[in-house]
Amino acid sequence: MAKKFKRSYKFAIKTSVYITIFVSFLVSTFLFFVGNLQLVPIIVFIAVTYIFTFIIIQQRVEYFIYRRIKKIYDDVSLLDSTTLRPGQVTTDMGTLTKEVEKFAETKKLEIEALKIRETYRKEFMGNVSHELKTPLFTVQGYILTLLDGAMKDKSVRKKYLNRASKGVERLIYIVKDLDMITKLEAGDLHLQLEDFNIVDLIQNTFDLLEMKAAKKNITLTFDTDYPETIYVHADRERIQQVLTNLIVNSIKYGKKDGTTEITIENLIKNKVIVRVTDNGEGIAKENIPRLFERFYRVDKSGSRKEGGSGLGLSIVKHIIEAHEEKIYVESVFGVGSEFSFTLEKSKELP
């Protein structure tokens, strides 16, 4: 494709023609009146005048345009002035136009991102404040009651100190979860990958949560017997944390006399998918996209009665993503929910 003719050339050509015509007319008139008008010298004069004016005008215009556009690049720090060359800006204004459009689009995206982050920050700070305020005020209330004279009664003192201790434990639980998710988001939490039997890990998690499930008479079970071992390659401790959070949630929102069932299926040659299914209250469709946000609660009142930091599902998502795996959720309100995540199979059996 032929290179575009410089616009400054067009300007210089036209201007040089105008100046040459005017100067040639003046010189020709002068020579005519003095009686020394000759055709060849006039033609040479015209050619020299035109070439000289064209060169001078072209050079001055290029310098003029370049200097001012360079100042724009320097003033707007995000435009890369190191890529600017005199020939670029004088060919046409496309280079500057593209740079400015790119700059404007980038700033627009940055502003939109900042607005989203600001909204998220306000919501997050409000949630943190609310989560910490409740146990703090609880602890403060019991301690102030004791200081006001209740500590003289031994039975009341013990009861209030136990309740204050539970409030402190909840604060520690929230702070630990916040620390965990901060490390996960910053990439500071390193996974200890190993080969282990996922069936045994799930059974161990069932055993740990058996008493909690028994309070609502919820059965923790596999969908079928798994006589053969299924080895996966992952961080055992973190995957147990994932299973614990998902099963605790299924118990928390499960119906009395309900069931929490875990299924392990081959997904592809080197992957398995673990499904945690319950027949609890389910999740409304509009709430599903926000389930993994920090402190987001579907049932704000009920979930707080059950405890928890509100960070469980967010931690689950970050742990699974740290393994470079996927987590999915399906739910029908009033019917139940299913959370599933993928894991890499062990390449070699231990």
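As the structure is a prediction and not an experimental result, all values here were calculated from the model.

Caption draft 1: Here's a closer look at the UniProt feature "transmembrane region" (unreviewed entry) in the protein. Residues annotated by UniProt as "transmembrane region" (unreviewed entry) correspond here to residues 12-33 and 39-57. Annotated as 100% helix and 0% strand, the span residues 12-33 places its first and last C-alpha atoms 31 Å apart.

Caption draft 2: How the structure looks around the pattern of salt bridges. Summed over the entire model, instances satisfying the criterion amount to five salt bridges. Between Glu265 and Arg275 there is a salt bridge, with its nearest N and O atoms 3.3 Å apart. Of this pair, Glu265 sits in strand β4 (residues 259-268) while Arg275 sits in strand β5 (residues 271-278); the two residues are ten residues apart in sequence, bridging distant segments of the chain. Relative accessible area serves as the criterion here: at 32%, Glu265 is assigned to the partly exposed category. By sharing partners, the salt bridges in this structure join Glu265, Arg275 and Glu338 into a single network.

Caption draft 3: Molecular detail of the packing of aromatic side chains. The tally for this structure, following the rule as stated, stands at five aromatic pairs. Ring geometry for Tyr142 and Tyr160: centres 5.0 Å apart, planes at 50°, overall tilted. On the criterion of sequence distance, the pair formed by Tyr142 in helix α4 (residues 94-147) and Tyr160 in helix α5 (residues 154-186) is long-range, its members being 18 residues apart. Seen in terms of ring centroids, Phe222 and Tyr226 are 5.6 Å apart; in terms of plane orientation they differ by 65°. Their pairing is edge-to-face. Judged on exposure class, the residue Phe222 and its partner Tyr226 are both buried.

Caption draft 4: Expanded view of the nonpolar core. Membership of the largest hydrophobic core comes to 50 residues, with the highest contact counts inside it found for Ile198, Ile202, Ile239, Leu243, Ile264 and Phe341. Counting residues in hydrophobic clusters, the runner-up holds six residues, among them Tyr142, Ala150, Tyr160 and Ala164.

What counts and how
- Every chain begins its residue count from 1, and numbering advances along the sequence as written.
- Local features in this predicted model are restricted to residues of pLDDT 70 or higher, and side-chain atom pairs are both shown and tallied only at a pLDDT of 80 or more, whereas totals for entire chains, interfaces and linings draw on every residue.
- Side-chain measures here rest on the full set of heavy atoms in the structure, leaving out hydrogens and waters.
- UniProt positions are given in the numbering used here, feature names are shortened, and annotations may be inferred rather than shown by experiment.
- Numbering goes from the N terminus for both helices and strands, where a helix is a DSSP run of H or I of at least four residues and a strand is a run of E of at least two.
- Throughout this description, the term salt bridge denotes a Lys or Arg side-chain nitrogen within 4 Å of a carboxyl oxygen of Asp or Glu.
- Note on classification: 1.4 Å probe, protein chains only; a residue is buried when its accessible area is under 20% of the maximum for its type, exposed when over 50%, partly exposed between these limits.
- Aromatic rings from Phe, Tyr and Trp, with only the six-membered ring used for Trp, were paired whenever their centres fell within 6.5 Å, and each pair was classed as stacked if the ring planes differed by under 30 degrees, edge-to-face if by over 60, and tilted otherwise.
- Take the buried Ala, Val, Leu, Ile, Met, Phe, Trp, Tyr and Cys residues and link them wherever side-chain atoms come within 4.5 Å; each set so joined is a nonpolar core.

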